[in-house]
Amino acid sequence: MTPHNEADKGAYADTVLLPGDPQRAEWMAQTFLEAPRCINRRRGALGFTGLFRGRPISIQATGIGVSSFLIYVHELLDYYGARTLIRTGTCGSLTAKAKLRSLVISQSAQAESAQSGQVFGLYKAVAGPDPALLASALTKAAELGIDHCAGLTVCSDIFYHPEGRVRFADAQAAGALAVDMETSALYRIAGHFGARALSMCTVVDNIETDELTDYRERQELFTDMSRLALEIAVDS
Ligand SMILES: O=P(O)(O)O[C@H]1O[C@H](CO)[C@@H](O)[C@H]1O
Ligand SMILES: O=c1cc[nH]c(=O)[nH]1
């Protein structure tokens, strides 16, 4: 047990999938895991452990933003002994290459600005996806026929920003595909703890065109991402 998690030590598998949204965590656990067990309800940040093809896998909701994310992930790495983390998030597209409802695999992630969440400066580790997880994701996404692209993503601290989409101009010029609010922190904290990480996000809106998916269709939208994350997890 930790201040934010009521699960017993040993309740989490080595590999943990990390959606932000607790409803997504529950849907993924109930849809894809055999014998899923809810192991954390504290603050509604649902956590589950079950089996996928006979192998224990956990799913833990991390909430929104770096501050919330780092609490759950720190405890998973430091107290529960997680070794492989796969974020199954959502993102906003910054380019036509990352189509609405498709999957963006984060090959590298940068913070939105130098001031962005001082937390980024706390972790000095080289920050990026685990090369084997990334290679597995690219191979399996192609094999499964999943509509995806891979590249740079931006990690923002603020969803409703007074400057609006203009603030992403530099990132777009650098070729960024999409924005989320946790990936850069995932890569840094995983590096700090010597764990393996990969972030993939389904595109739920387009920052340029203002196209937006409906929340009610969203769980279904996550089928490809969930399958891919689980295929990588059982192979890792
Ligand atoms: O859907 P999740 O995984 O929470 O990810 C994205 O959605 C939230 C914003 O709506 C942020 O957490 C962002 O990173
Ligand atoms: O962080 C996020 C996630 C989804 N859509 C956005 O615009 N930003």
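An unreviewed UniProt entry annotates the chain as Uridine phosphorylase originating from Mesorhizobium sangaii. According to the UniProt record, the Catalytic activity (unreviewed entry) comment for the chain is "uridine + phosphate = alpha-D-ribose 1-phosphate + uracil".

(A) Region of the structure containing the pattern of salt bridges. Tallied over the full model, the rule gives 10 salt bridges. A salt bridge links Arg87 to Asp180; its shortest N-O distance comes to 3.0 Å. A residue pair is termed long-range when its members are at least 10 positions apart, and Arg87 in strand β5 (residues 84-93) and Asp180 in strand β8 (residues 178-180) qualify at 93 residues. Take Arg87 and Asp180: they sit in the same class, and that class is buried. Between Arg165 and Asp210 there is a salt bridge, with the nearest N and O atoms lying 3.0 Å from each other. You can see Arg165 sitting in the loop between β7 (148-155) and α4 (169-173) and its partner Asp210 sitting in the loop between β9 (196-206) and α6 (215-221), a full 45 residues away along the chain. Salt bridges sharing common partners tie together Arg87, Asp180 and Glu182.

(B) Spatial organisation of the packing of helix α2 (residues 66-78) against helix α5 (residues 183-193). Put simply, α2 and α5 touch, their axes get as near as 10 Å, and they point 25° apart. Classified by the angle between their axes, α2 and α5 sit roughly parallel to one another. α5 is crossed by α2, and the crossing has right-handed handedness. Within the contact between the two elements, α2 uses Val66, Phe69, Leu70, Val73, His74, Leu77 and Asp78 and α5 uses Ala185, Leu186, Ile189 and Phe193.

(C) Region of interest: the site of ligand 1. The full set of residues close to ligand 1 is Gly20, Arg24, Ile64, Gly65, Arg87, Gly89, Thr90, Phe159, Asp180, Met181 and Glu182. The side chain of Arg24 places a nitrogen or oxygen atom 2.5 Å from an oxygen atom of ligand 1. Between ligand 1 and Thr90 there is a distance of 2.7 Å, counted from an oxygen atom to a side-chain nitrogen or oxygen. Comparing atom positions with the cavity grids shows ligand 1 to sit within the largest pocket. If one sorts the elements of the shell around ligand 1 by residue count, β5 sits on top with 3 residues. Taken together, the residues of the shell around ligand 1 break down into 3 nonpolar, 4 polar and 4 charged.

(D) Layout of unusual backbone geometry. Unlike most non-glycine residues, Ala35 shows phi in positive territory, near 50°. Checked against the element boundaries, Ala35 lands in strand β2 (residues 34-40). If you check the backbone angles, Arg53 has positive phi at about 50° while not being a glycine. With respect to the helices and strands, Arg53 occurs in the loop between β3 (47-52) and β4 (55-60). Take Arg53: its relative accessible area is 54%, and that puts it in the exposed class.

(E) Seen up close, α2. When the terminal C-alpha atoms of α2 are compared, their 17 Å separation across 13 residues agrees well with the 18 Å that a helix rising 1.5 Å per residue should span. Looking only at α2, the buried set comprises Val66, Ser68, Phe69, Leu70, Tyr72, Val73, Glu75, Leu76 and Leu77. Of the surrounding secondary structure, the elements contacted by the buried residues of α2 are β1 (15-18), β4, β5, β7 and α5.

(F) Main features of the packing of helix α1 (residues 22-32) against helix α7 (residues 223-235). Relative orientation of the contacting elements α1 and α7 amounts to 65°, with a least axis distance of 11 Å. Between α1 and α7, the crossing angle belongs to the class labelled roughly perpendicular. Handedness of the crossing formed by α1 with α7: right-handed. For the pair α1 and α7, contact is made by Arg24, Trp27, Met28 and Phe32 and by Thr223, Met225, Ser226, Arg227 and Leu230, respectively. A breakdown of the residues in the contact of α1 with α7 according to their chemical character gives 5 nonpolar, 2 polar and 2 charged.

Each value, and the rule that gives it
Residues numbered from 1 in each chain as written. Chains lettered and ligands numbered in written order. Predicted model: local features only at pLDDT ≥ 70, side-chain atom pairs only at ≥ 80, totals over all residues. Heavy atoms only, no water. UniProt positions renumbered as here; feature names shortened; annotations may be inferred. Salt bridge = Lys/Arg side-chain N within 4 Å of Asp/Glu carboxyl O. Helix = DSSP H or I, 4+ residues; strand = E, 2+ residues; numbered from the N terminus. Buried < 20%, exposed > 50% of the residue type's maximum accessible area, 1.4 Å probe, protein only. Axes fitted to C-alpha atoms, helices over the stretch in contact; angles between N-to-C directions. Parallel < 35°, antiparallel > 145°, perpendicular 65-115°, else oblique. Left-handed = near helix turned anticlockwise from the far one by under 90°. Contact = heavy atoms within 4.5 Å. Near = heavy atom within 4 Å. Polar contact = N/O pair within 3.5 Å; in protein donor to acceptor, adjacent residues only side chain to side chain. 1 Å grid on protein atoms, 1.4 Å probe; cavity = no way out; pocket = protein on both sides within 12 Å on 5 of 7 lines; lining within 4 Å. Sits in = over half its atoms within 2 Å of the grid points. Nonpolar A, V, L, I, M, F, W, Y, C, P; charged D, E, K, R; others polar. Expected span 1.5 Å × (residues − 1).

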